[in-house]
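Architecture and fold: a report
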Amino acid sequence: MSAAAQNLTASPAARAFLARDHRLLIGGQWVPSASGETIDVFDPATEGHLAKVSGGGKEDIDRAVQAARRAFRGEWSKLTSYERTKLIWKLADELEANLALASELETLDNGMPLMVAQYSIASFGCDFLRYYAGWATKITGDTIPVSPGGVRNGESLTYTRREPIGVVGAIIPWNAPLIMATLKLGPALAAGCTVVLKPAEQTPLTALFLGELVKRVGFPDGVINIVPGLGESAGAALAAHPDVDKIAFTGSTEVGKKIISAAAGNLKRVTLELGGKSPMVVFPDADLERVIPGVTRGAFFLQGQNCMAGTRLFVHQDIFDRVVSRVGDMANKFRIGPGLSPDSDLGPLISAEQRERVMTYVASGRKSGAELVCGGEAMPGRGFFVKPTLFSKTNMDMQIAREEIFGPVLCAQSFGDSDLQAVADEANKSIYGLSGSVWTRDISVAHRMAGLIDAGQVSINCHAAVDPAIPFGGNKQSGWGREFGREGLDPYLKTKATTVIY
Ligand code: ADP
């Protein structure tokens, strides 16, 4: 499909948005970048040009941080927690009222099927914001019954306050752009922080759309600043900025390590949600009617461009051939096409570079002796489409089984009647520890195996169960800290202990 044809299928509202002059949101104003630089944004389904966006650099980041600092000290800090709740809730309502347009822009920019965009923005955009809106009034400290300094009981009082950490730099990736923005904003705003958000250079559009909603809702100027820009300039400047108190980063493990070094200058706090190579472990008694769709979607959701993707399938030898063949059949039946088409189950990868990366891994898989069950090809024509690919007979010495591909490539290997620890050891043979799933009808095996998998979250008889209330994050090189739920607030708060001796 040509770029022009694709754009014709976009709604008038989306076309009107794309045609706008896309600037940076700093201190409540839409401003051009200091350097005048721009970023071209493309539709990965057609390779057509979608929009030109101001590209922020060091100077813009500095202006945004200053605006965020002023806002942190200003009106925002005087609002009651109820007022913060109402503003965050209102943002969720605005997003919901604009769900159709927000989803369409997400699909145009990122490529994901429209239904996936709608579902994810409704639950991890709107509901997620509402979940954290509710937390603003529930952030409490403790009273501590001690008598420091030798005073007698009843002669002193010690209590803790949980204060907002300050200015937060949020750096997010391209695989689910809008919800990544809300995942950072929700807890930061509930805690009373202010934010400089840097979307990924490939997908800045829905963050900018969110900026329009932020202005409509009436957040005080500078509470939310949005600066699209390149990782190595805007991202690096934010990570290194001496007046940023915390970085909340989602992206690759490689960049996560750079963020840590950059953050060392002022010892700002860092939370990292990084890569994964998550195992899905299927025992012989599992209900295959659940396993087949569950693991196939677990692997190929968002074309595998998903940190929680189940990319390693461990299946008991008694059912291995059956499972592999049925997963391959289901993967083959996925309809691949532009996200705006209601017939597409899977969209394109984000870029030519990403397609290249995935195809290099596919070549490595073939070379290493893994058996190609399905896929293994990029689709001809326009758009960065790659067929869902399943390799069987893989092992943990192979590069495709060890490294995060971030694309639609699933590696399957069998296990025998060894004890659970041995199966878990194989599943845990990874530098990552983000997610995992166990498939069995035996509750003892299910819970024991869930306990043995070294990951931040394990699902039983489903893969990647996520909810705003369920803590989410990784072990090992999958990250630092947890997002979501009560724990997701902690990194945005600092504790102050106060003691009075009467
Ligand atoms: P991916 O590999 O999936 O593109 P990245 O980790 O490269 O993911 O990118 C995630 C986010 O990190 C993006 O917003 C990107 O611009 C940003 N980024 C990339 N490099 C740096 C860097 N050196 N410092 C800070 N942010 C960066």
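Residues numbered from 1 in each chain as written. Predicted model: local features only at pLDDT ≥ 70, side-chain atom pairs only at ≥ 80, totals over all residues. Heavy atoms only, no water.

**Details of the pairing of strand β11 (residues 269-273)**
With four of five residues buried, β11 is to be regarded as a mostly interior element. The sheet contact formed by strand β10 (residues 246-250) and β11 spans five bridges and is parallel. By the bridge assignment, A248 is partnered in β11 with T271. Read as a crossover between parallel neighbours, the route from β10 over helix α11 (residues 253-263) to β11 is right-handed. (Buried < 20%, exposed > 50% of the residue type's maximum accessible area, 1.4 Å probe, protein only. Helix = DSSP H or I, 4+ residues; strand = E, 2+ residues; numbered from the N terminus. Pairing = 2+ DSSP bridges. Right-handed = clockwise from strand over helix to strand, strands pointing away.)

**Details of the domain arrangement of the chain**
One can read the domain layout of the chain as domain 1 (4-274 + 480-497) and domain 2 (278-468). The C-alpha-based centres of domain 1 and domain 2 are spaced at 30 Å. Between domain 1 and domain 2, the contact holds 33 residues from the first and 29 residues from the second. The contact between domain 1 and domain 2 buries some 2400 Å² in all, and 67% of this surface belongs to carbon and sulfur atoms. Joining domain 1 to domain 2, the criterion identifies one salt bridge. Counting every contact that joins domain 1 to domain 2 gives six residue pairs in polar contact (both at pLDDT 80 or more). Secondary structure elements with two or more residues in the side of domain 1 that touches domain 2: α1 (3-9), α6 (99-110) and α7 (114-135). The element that contributes the greatest number of residues to the side of domain 1 that touches domain 2 is α7, accounting for eight residues. Per-class residue counts for the side of domain 1 that touches domain 2 are 15 nonpolar, twelve polar and six charged. (Domains from an automatic or database assignment. Contact = heavy atoms within 4.5 Å. Buried area = accessible area lost by both parts, 1.4 Å probe. Salt bridge = Lys/Arg side-chain N within 4 Å of Asp/Glu carboxyl O. Polar contact = N/O pair within 3.5 Å; in protein donor to acceptor, adjacent residues only side chain to side chain. Nonpolar A, V, L, I, M, F, W, Y, C, P; charged D, E, K, R; others polar.)

**Description of the site of the ligand**
Near the ligand there are 17 residues, and of these I172, W174, K198, E201 and S252 occur at the shortest range. Here K198 contributes a side-chain N or O atom positioned 2.9 Å from an oxygen atom of the ligand. One of the backbone nitrogen or oxygen atoms of A236 is found 3.4 Å away from a nitrogen atom of the ligand. Considered on its own, the ligand offers 550 Å² of accessible surface; in the complex 82% of this is hidden by protein. Where the shell around the ligand is concerned, the elements lending two or more residues are α10 (231-240), β10 and α11. (Near = heavy atom within 4 Å. Areas by Shrake-Rupley, 256 points an atom, 1.4 Å probe, with all protein chains shown as cover.)

**Structural notes on the packing of helix α12 (residues 288-300) against helix α13 (residues 320-333)**
It is the contact of α12 with α13, at a shortest axis distance of 9 Å, that shows an interaxial angle of 55°. By the criterion of interaxial angle, the relationship of α12 to α13 is oblique. The element α12 and its partner α13 pack so that their crossing is right-handed. Seen from α12, the contacting residues are L288, E289, I292, P293, V295, T296, R297 and F300; seen from α13, they are R322, V323, R326, V327, M330 and A331. Of the residues assigned to the contact of α12 with α13, the class counts are nine nonpolar, one polar and four charged. (Axes fitted to C-alpha atoms, helices over the stretch in contact; angles between N-to-C directions. Parallel < 35°, antiparallel > 145°, perpendicular 65-115°, else oblique. Left-handed = near helix turned anticlockwise from the far one by under 90°.)

**A few points about the side chain of T194**
Within the secondary structure layout, T194 lies in strand β8 (residues 194-198). In this structure the side chain of T194 is engaged in a polar contact, spanning 2.9 Å, whose partner is the backbone oxygen of A68. Beyond its immediate stretch of four places on either side in the chain, T194 contacts A68, R69, A71, F72, W76, G166, V167, V168, G222 and V223.

**Quick notes on the side chain of T46**
Note on placement: T46 falls in the loop between β3 (38-42) and β4 (49-54). Look at T46 and you get buried, because its relative accessible area is 2%. Within the structure, T46 has its side chain in polar contact with the backbone nitrogen of G48 (distance 2.9 Å).

**Things to note about the packing of aromatic side chains**
Using the criterion set out here, one finds eleven aromatic pairs in the structure. Judged by centre distance (4.9 Å) and plane angle (90°), the rings of Y131 and Y132 are edge-to-face. An aromatic cluster is built from F124, F128, Y131, Y132, W135, F472 and F484, whose rings are joined through pairwise contacts. In this arrangement the basic side chain of K246 is found over the ring face of Y492, its NZ or CZ atom lying 4.8 Å from the centre. (Phe/Tyr/Trp six-rings, centres within 6.5 Å; stacked < 30°, edge-to-face > 60°. Lys NZ or Arg CZ within 6 Å of the ring centre and 35° of its normal.)

**Comments concerning helix α5 (residues 81-97)**
In this model, α5 (17 residues) spans 24 Å end to end at C-alpha, consistent with the 24 Å of a helix rising 1.5 Å per residue. By the burial criterion, the buried members of α5 are R84, T85, L87, I88, L91, A92 and L95. Considering only its buried residues, α5 is in contact with α4 (75-78), α6, α7, α8 (177-191) and α9 (205-217). (Expected span 1.5 Å × (residues − 1).)

**What about the nonpolar core?**
Inside soluble globular proteins, nonpolar side chains tend to come together where they are buried. Counting residues in each nonpolar core, the largest one holds 75 residues, and the members touching the most others are L95 and F219. Looking at which element gives the most residues to this core, the answer is α8, with ten residues. Mapped onto the domain boundaries, this core takes at least three residues apiece from domain 1 (4-274 + 480-497) and domain 2 (278-468). Residues contacting F219, with those up to four places away along its chain left out, are W76, L87, I88, L91, L189, V214 and I224. Counting residues in each nonpolar core, the second largest holds 28 residues, with V386, I400, I405 and I453 among its members. (Core = buried A, V, L, I, M, F, W, Y, C linked by side-chain atoms within 4.5 Å.)

**Focus on a nonpolar patch on the surface**
Taken together, the side chains of L157, V500 and Y502 define a hydrophobic patch exposed on the protein surface, amounting to about 280 Å² of accessible area. Following the sequence through the fold, Y502 ends up in the segment after β22 (493-501). Judged by relative accessible area, Y502 falls into the exposed class, the value being 59%. (Patch = residues over 30% accessible without salt bridge, like charges linked within 9 Å, V, L, I, M, F, W, Y side chains within 5 Å.)

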